[in-house]
Amino acid sequence: MPAERRPRLVVYTRVYPNRAQPGLGLFVRERMRRVAEHLDLVVVAPVPWFPFQGLLGRLRPHSRPADVPHVEEQDGIRVHHPRFFCIPGLLKWTDGFFQALGSLPLMRRLQRTFDYDLIDAHFVYPDGVAARWLGRWLDRPYTITLRGSLSRFEDKGAERRQIHRAMSEAAHVFSVADALRQDAIAWGQAPDHVQVVGNGVDLQRFYPEDRAESRHRLGLPREGPLLVSVGGLTERKGFHRVIAVLHDLLRRHPDLHFAIAGGASPEGNNEAELRRQVAELELDDRVHFLGQVPPEELRHVYSAGDLFVLATRFEGWANVFLEASACGLPIVTTRVGGNAEVVPSERVGLLVPYGDAAALREAIDQALSRDWDREAILAHAQANAWQTRIPQLVTAFQAVHDGKAPATVPTPSSGKS
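All of the points below concern the structure found in this document. (Residues numbered from 1 in each chain as written. Predicted model: local features only at pLDDT ≥ 70, side-chain atom pairs only at ≥ 80, totals over all residues. Heavy atoms only, no water.)

### A short note on the environment of Asp178
Worth spelling out the cut-off: Secondary structure is summarised from DSSP: a helix means a run of H or I of at least four residues, a strand means a run of E of at least two, and numbering begins at the N terminus for each. Summary of the burial criterion: residues with accessible area below 20% of their type's maximum are buried, those above 50% are exposed, and those between are partly exposed, where the area comes from a 1.4 Å probe applied to protein chains only.
With respect to the helices and strands, Asp178 occurs in helix H6 (residues 178-186). The exposure class assigned to Asp178 is partly exposed, which follows from its relative accessible area of 25%. Separated by 160 residues in sequence, Asp178 and Gly338 have C-alpha atoms that sit 7.0 Å apart.

### As for a nonpolar patch on the surface
As a reminder of what qualifies: Only residues whose relative accessible area exceeds 30% and that form no salt bridge enter a patch; like-charged residues are grouped when within 9 Å of one another, and nonpolar side chains (Val, Leu, Ile, Met, Phe, Trp, Tyr) when within 5 Å. Only the protein chains shown count as cover for residues, and the accessible areas themselves come from Shrake-Rupley with a 1.4 Å probe. By salt bridge we mean one thing: a side-chain nitrogen of Lys or Arg within 4 Å of a carboxyl oxygen of Asp or Glu.
Together, Leu90, Leu91 and Trp93 give the surface a local cluster of nonpolar side chains, amounting to about 330 Å² of exposed area. Examined against the element boundaries, Leu90 turns out to sit in the loop between strand S6 (83-85) and helix H3 (95-113).

### Focus on the side chain of Ser303
Just so we agree on the cut-off: In protein, a polar contact requires one atom able to donate a hydrogen and another able to accept it; more generally it is a pair of N or O atoms within 3.5 Å, and residues adjacent in sequence count only if both atoms are side-chain atoms.
With respect to the secondary-structure elements, Ser303 resides in helix H11 (residues 298-304). Residue Ser303 is classed as buried on the basis of its relative accessible area of 8%. Reaching out from Ser303, the side chain makes a polar contact with the backbone nitrogen of Glu209 at a distance of 2.9 Å. Polar contacts involving the side chain of Ser303 include one to the main-chain carbonyl oxygen of Arg299, which spans 2.8 Å.

### Examining the sheet that holds strand S7 (residues 118-122)
Note the following rule: A strand pair is defined by DSSP finding two or more bridges across the two strands. The angle between two axes is taken between their N-to-C directions and runs from 0 to 180 degrees, where each axis is a line fitted to C-alpha atoms and a helix contributes only its stretch in contact. The contact definition used throughout considers only heavy atoms, calling two residues in contact when any of these lie within 4.5 Å.
Taken in spatial order, the eight strands line up as S4-S5-S2-S1-S7-S8-S9-S10 in an open sheet, and their pairing is mixed. Both outer strands of the open sheet, strand S4 (71-74) and strand S10 (194-196), are each paired with one neighbouring strand and no more. Adjacent strand axes in the sheet meet at a mean angle of 25 degrees when their direction is disregarded. The sheet contact formed by S4 and strand S5 (residues 77-80) spans four bridges and is antiparallel. Counted as the bridge partner of Gln74 is Ile77 from S5. Along the sheet, H6 makes contact with strand S8 (142-146), strand S9 (172-175) and S10, crossing S10 at roughly 170 degrees. Contacting strand S1 (9-12), S7, S8, S9 and S10, helix H16 (residues 390-401) crosses the sheet at an angle of about 170 degrees to S9.

### Side note on the nonpolar core
Our working definition: Joining through side-chain atoms within 4.5 Å is the link that ties buried Ala, Val, Leu, Ile, Met, Phe, Trp, Tyr and Cys residues into a set, and such a set is a nonpolar core.
Leu227, Tyr302, Phe308 and Ile364 are the most contacted members of the largest nonpolar core, which has 97 residues in total. Broken down by element, this core gets its largest block of residues, seven residues, from helix H4 (residues 124-138). Excluding residues that lie within four positions of it along the chain, Tyr302 makes contacts with Phe206, Val228, Val230, Phe308, Val320, Glu323, Ala324, Cys327 and Leu329. By size, the runner-up hydrophobic cluster in this structure holds 23 residues, among which are Leu9, Val43, Val79 and Leu118.

### Points about the environment of Val309
One can find Val309 in strand S14 (residues 307-310). Residues within four places of Val309 in sequence aside, it is in contact with Leu227, Val228, Ser229, Val242, Val332, Leu360 and Ile364.

### What to know about the packing of H3 against H4
Where we set the bar: Working rule for angles: under 35 degrees goes down as roughly parallel, over 145 as roughly antiparallel, 65 to 115 as roughly perpendicular, anything else as oblique. For any helix crossing, the convention is left-handed if the near helix is rotated counterclockwise from the far helix by under a right angle, and right-handed if that rotation is clockwise.
At a minimum axis separation of 8 Å, H3 and H4 run at an interaxial angle of 50 degrees. In terms of their interaxial angle, H3 and H4 are classed as oblique. For the pair H3 and H4, the crossing hand works out as right-handed. Contact residues: H3 offers Asp95, Gly96, Phe97, Gln99, Ala100, Leu101, Ser103, Leu104, Met107, Arg108 and Gln111, while H4 offers Tyr125, Pro126, Asp127, Val129, Ala130, Trp133, Leu134, Trp137 and Leu138.

### What to know about the side chain of Asn384
You can see Asn384 is positioned in the loop between helix H15 (374-383) and H16. Of note is the side chain of Asn384, whose polar atom sits 2.5 Å from the side chain of Arg389.

### Considerations on unusual backbone geometry
Leaving glycine out, the prevailing phi sign among residues is negative, and the prevailing peptide bond configuration is trans. The omega angle of the peptide bond from Tyr125 to Pro126 is 5 degrees, so this bond is cis rather than trans. Its place among the elements puts Pro126 in helix H4. For Asp75, which is not glycine, the phi torsion reads 55 degrees and is therefore positive. Here Asp75 is to be found in the loop between S4 and S5.

### Some words on the pattern of salt bridges
Here the idea is simple: oppositely charged side chains can pair when their charged atoms come close. Scanning the entire structure with this criterion turns up 28 salt bridges. One salt bridge connects Asp115 with Arg5, and the closest N-O pair in it is separated by 4.0 Å. Of the two residues, Asp115 sits in the loop between H3 and S7 while Arg5 sits in the segment before S1, which places them 110 residues apart along the sequence. Residue class for Asp115 comes out partly exposed when judged on its relative accessible area of 37%. A relative accessible area of 37% places Arg5 in the partly exposed class. Three or more residues joined by partner-sharing salt bridges are found here, namely Glu30, Arg33, Arg34, Asp202 and Arg205.

### Some words on the packing of aromatic side chains
Worth spelling out the cut-off: Aromatic rings from Phe, Tyr and Trp, taking only the six-membered ring of Trp, are treated as a pair when their centres fall within 6.5 Å; an angle between ring planes under 30 degrees marks them as stacked, one over 60 as edge-to-face, and anything in between as tilted. We count a charge as sitting over a ring when the NZ of a lysine or the CZ of an arginine lies within 6 Å of the ring centre and within 35 degrees of the ring normal.
Evaluation of the coordinates by the stated rule reveals 13 aromatic pairs. Taken together, a centroid distance of 6.5 Å and an interplanar angle of 55 degrees make the contact between Trp49 and Phe85 tilted. In this pair, Trp49 sits in strand S3 (residues 47-49) while Phe85 sits in strand S6, placing the two residues 36 residues apart along the sequence. Take Trp49: its relative accessible area is 40%, and that puts it in the partly exposed class. Joined through ring pairs, the aromatic side chains of Trp49, Phe50, Phe85, Phe97, Phe98, Trp133 and Trp137 make up one cluster. Taking NZ or CZ as reference, Arg8 lies 5.5 Å from the ring centre of Phe114, over its face.

Given below as C-alpha cells:
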C-alpha cells in the first residue's frame, strides 16, 4: 500500500518576523517552524504598501519599514513578502481583498513550483479573509488560526460579515485559547469546527539562569525585589498601569524596581509617554527600559526578576507567561482573553480584574511576599512544551488533506499545576 502523502502548506500571515522587524510575530514562527519538522511548508507574509510610504515612514517610523526583503530564508524555511495596496487608517474593510490580490501572482507561482495542498492563515482578519479569496481563486482549502479578539470587530459590519464567511468556509479553524473558541462559537461557528491548540514554550531556550549574573548582564540593581515585563511598548500591554501603582508598592517594598523589555511594534510605540509618566512620578531610578531584547537573551530578563507582571487589556495566548514560568518566575496578570488558560492556578500566578488598580497593587504585594513553589512553576512550563502541541497540528493538517474531519474536541490548553 502506498505511503500516505504528507500535505504541503503555505503559512499565510502578515505577522511574521522579517529582516526589518525581527521581533514581529515570533509566536507564529515558533509554532510553524516546528510543524516544518514534520511537513513541507513555505511562508507567505504580505507587507502593506502605499504610494506615499516614504512620507508615512517619516511620520510613523515604526509602522511600515521600507526595507523588508521580497524573499528571505529563516531556519531553513523560505519566507516571501509580497506587497499589497493598503491605505493607512482608511477603508480597512478592503484589506482582506487587497491582501489576497497582492499575494495572488506569488501564490500562483508557488502552485507550480511547490504544489501546495493547503493555505494555513494566522489571524482571522485580514489574513483569514484573504485566505478565503485565495482559496476560491486557486481551488485550495484553507485553515484559520484565531489569535486575537473578535470583539474589536463587533461594531464593524463589513469586516464582521467577511470574518464570519471566512471562518464558515474554512476547512478547519484553530484557536490558541478556548476563550477565542467560545467567541467564534458565539459568532455562529459550530463547536466541532473550532479546535483549541495552544502555543507552547521552547524549554531549550527558556530556563532559569543565575539571578545575580542575569541582573549584572542587564545592568540592573543587584539587590532588592524586581518586577519584570516583556512586550511591545503599546497601550494594550499596560506597562503604564504597573508604573502607576509603584509609589504605593514602594511603601511596602522600599527597594522595589521594575524592568521592561520591549520596543516599538506595528501596534504603536508609547515609549515617550511611558518615560514621561516615569519622570512625572519621579521614578526614574526605579523603572528600567531595557529596549528590544533578542529572543535568545530573554531568559536572562525573566531570571533577573522576582515576579513577572503584565497588566494587559487583551491577550489571546501570551507566550511570555510560559516563558516566565519556564524560568521559574511567578506571574501577576489580568483576567482577560486566554490569560486564565495560561495561568491556570495560584500555584503559577495571580489574576486580577482588568482596570482595577487596587487589585493589581494588592496582587503584586501579595506575590512579592509569598514563598512560591518554583518546582511547581517549572512543571507547569514543562507540561506546556511545544512537543505537546505540534502532533495535534500535524494530525489535523493531515486530516484536512485527506478530506476527513479533524478531531475537534477542545484540547486542554494548559497543564493544571
